[in-house]
Amino acid sequence: MQSAGRLVADAHASGRPLSAIWVDLDRFGQVNESFGHPGGDEVLENLAARFRERVNGRVITSRVGGDEFVFLVPDCNRTEALRLASELAATVEEPLPVSNLILRPTASVGVAVCEAGEPPVSLLERADRAMLAAKNRGGNTVVCSGDEPVPGRLGIMLAREELAIENLLHAALENGGFCLNYQPIIRADGNVEAVEALMRCSVNGGDIPPAKFIPVAEKTGLVVRLGEWSLLQGAMYARRLQDAGCGTKVAINVSRAQLGSSKFSHALNAALICSNVRPELVELELTESLFMDISEIVQNNLKNVIASGVSLAIDDFGTGYSCLASLKDIPARKLKLDRAFVTVLPEDQRALSVVRAMTRLGHDLGMTIVAEGCEKMEQIDVLLDAGVNAIQGFFYARPMPEEAMLSWLNTRNTYE
Amino acid sequence: MSENLQDAATPLDGLFERAIMDLGIPPCPGILDRFMAEAGKDEPDYKRLVGIIGADVALSASLIKTANSPYFGMRQRVRSVNEALAILGLKASSRAVAGIILRNAFPHVLNLERFWDASARIARVSGWLAQQLLIAGLLAEDAYTFGLFRDCGIPVLLGRFARYGETLAAANQDSVLGFTEIEEMQLPTNHAMVGCILAQSWWLPEEICLAIRNHHDVTALESAEFELPMLSRRLIATSQFAEHIVQRQLGLSLTEEWSKLGMVCLRLLEIDEARLEDLYVKAVPIVSAAE
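Predicted model only: the values in this text are computed from it and were never measured. (Residues numbered from 1 in each chain as written. Chains lettered and ligands numbered in written order. Predicted model: local features only at pLDDT ≥ 70, side-chain atom pairs only at ≥ 80, totals over all residues.)

Contacts between the two partners involve 22 residues from chain A and, on the opposite side, 21 residues from chain B. At the level of secondary structure, the elements contributing two or more residues to the side of chain A that touches chain B comprise helix H5 (160-174), helix H7 (222-243) and helix H9 (264-275) of chain A. Here the residues of the side of chain A that touches chain B are counted per class, giving ten nonpolar, eight polar and four charged. (Contact = placed C-beta atoms within 7 Å. Helix = DSSP H or I, 4+ residues; strand = E, 2+ residues; numbered from the N terminus. Nonpolar A, V, L, I, M, F, W, Y, C, P; charged D, E, K, R; others polar.)

Right under this line is the structure:
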């Protein structure tokens, strides 16, 4: 610890970065149990030798517990420390012969970068806590201090990046930063089957992509509030299209958290009542795993959706754990093939075979088949040839704001 | 109508009209008459106009929604009609209101006399109570906004379901079941949920939306496990207490809500018996003035 103190003092004096890396072997107790302590010691000695080879002489290496190693690395910033930590983790994973067997151990690694004026004990404690966070994520991973989960505004444990997104989501909620864009779904005969409502989020003029904000909204429960807001906005827009004479259906995405709530059908009916739209002009898109959920609340909600006159579509079909036995019982009228099947067309003949089979199956069950993610005419040709009923994708139109969608529909109707 | 209110239409007029049409709640005709009488003067008193607009659910909600619309690009959303009027401008707002009154561009008219009276009274007494109670975080303006919008789901349901009036009467008189439980026996939703999703669409703060959603739910009010923010609980308690004061003083048909929620509300507002009597007395001129 003397040397650690000197390195930390040098770093403070010079202003150069210093990092601590804490490596703990995963499930090392099992090695000791299987091979006895001599076997365990052999593993540790082997690993210590590998670590010495990997780091240069300026790094202080100590074995602090039975199966824990700590490295203090001068002139090493966060990026370099994370790289070295990953290399050390990879070093651990290299095959290791013990008593005529080959072991492939793994490690949980914590990283901390020394802060201005921070005492050595605090630096090491932070690296240790980061290692424990890596262990709590199931091991075999690297976590940097500060990235460990902390409670967010609603009390849910979040990683640092998620926390930042949660803050942005609250800012967007408080400043009206959410809106719905709409993307048309075009039938084989050229008519518009529906428009899908897609949520957009922007804060301070910058957009946050759905792939980033939706997982955090799901984790924090904000997805329920956003989902209810979408239900009303989508239903209001359907009413607007109804009043404008378009009569186009609006498809709204529903999340697991919403459908798992006993209040879901009250919220849906409230949206239908407030918008005063014809329920058949609203469609809810759910992923296939939601239909497979046999909990009483979800099943009651699905029954209530049908009772309200709103139709259901299975979203992203074909990539989840589809249970064909249950497919016959699903009360959906529409099946949307996942874009993963479409993007590889027309080249991938095996994907096309699967599309044909799914389309045939859907038709036999009385469903309309939609293909998502179409960007090329050649894709549309093979999909329509395979029997797909309607197409959604950039080839026809990107998602667009309310007014633009309405103009697009009006222009299209004029020329039809 | 003064000259000021006859200027050319602006984007605000269109947004406001859309908001009021989407809302589906007609403004109170008496309030519209008072508004036009004041606005028609050569030199209208804008402070009076603000008071008149602020007493009406439909006009207030539509102005808040308009001020919170992306068109105005405000970084901080407004949470009361006063803030909305500050953003939109008094003259421009008054012109927008006058415009739709003159064109009679309202949703189908229902007789909502009781709703209009009760919401304006409860809003006013709630705002006053918040000033008296001096509880940290409980602002008079939030208490007023919540009191005004708490029951905005009721006129929407009256407009859609012919027999909803009977459901309301049954819910008001039931001393055992929750208000919304009675509604859910007849309807696929309840007025608290309708009010909540409307308030969400106006971008009112989450605490106010959640208070609207749970304002008849005794479990949500008193349970430590139920994740209802303390501000929402206190907003509910303030408005229930305001309603109780009004009904007690005016001898109006008493609902059963106070017998179901009263004890919890007083606890949330930290009101003991002596303070209760004191507030009853002090409230007399406030309730009378709200008439």
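On to the domain arrangement of chain B, then. Residues and elements named next belong to chain B. Assigned domains within chain B: domain 1 (3-26 + 108-289) and domain 2 (27-104). Computed over C-alpha atoms, the centres of domain 1 and domain 2 are 21 Å apart. Of all the elements in the fold, those that place two or more residues in the side of domain 1 that touches domain 2 are helix H1 (11-23), helix H7 (113-133) and helix H8 (140-149). Broken down by element, the side of domain 1 that touches domain 2 gets its largest block of residues, nine residues, from H1. Considering only residue class, the side of domain 1 that touches domain 2 consists of 22 nonpolar, four polar and five charged. (Domains from an automatic or database assignment.)

Each domain of chain A was delimited in the assignment, giving domain 1 (2-153) and domain 2 (173-411). Relative placement of domain 1 of chain A and domain 2 of chain A: their C-alpha centres are 47 Å apart.

This paragraph deals with the nonpolar core. One broad rule of soluble globular proteins: the nonpolar side chains tend to lie buried together. Val250(A), Ala271(A), Leu337(A), Leu383(A), Leu63(B) and Ile197(B) are the most contacted members of the largest nonpolar core, which totals 167 residues. In contact with Ala271(A), not counting residues within four places along its chain, are Leu231(A), Leu232(A), Ala235(A) and Ile197(B). (Core = buried A, V, L, I, M, F, W, Y, C linked by C-beta atoms within 7 Å. Buried ≥ 20, exposed ≤ 12 C-beta atoms within 10 Å, placed from the backbone.)

Next up on the list: the confidence of the model for chain B. All names here are of chain B. Summing up the model confidence of chain B, the mean pLDDT is 85 and the portion of residues at 70 or higher is 91%. No element of chain B has a lower mean pLDDT than helix H6 (residues 90-102), which averages 79, and none a higher one than helix H11 (residues 179-186), which averages 95. Across the interfaces of the predicted complex, the ipTM metric reaches 0.84, alongside a pTM of 0.76. (pLDDT = per-residue confidence, 0-100.)

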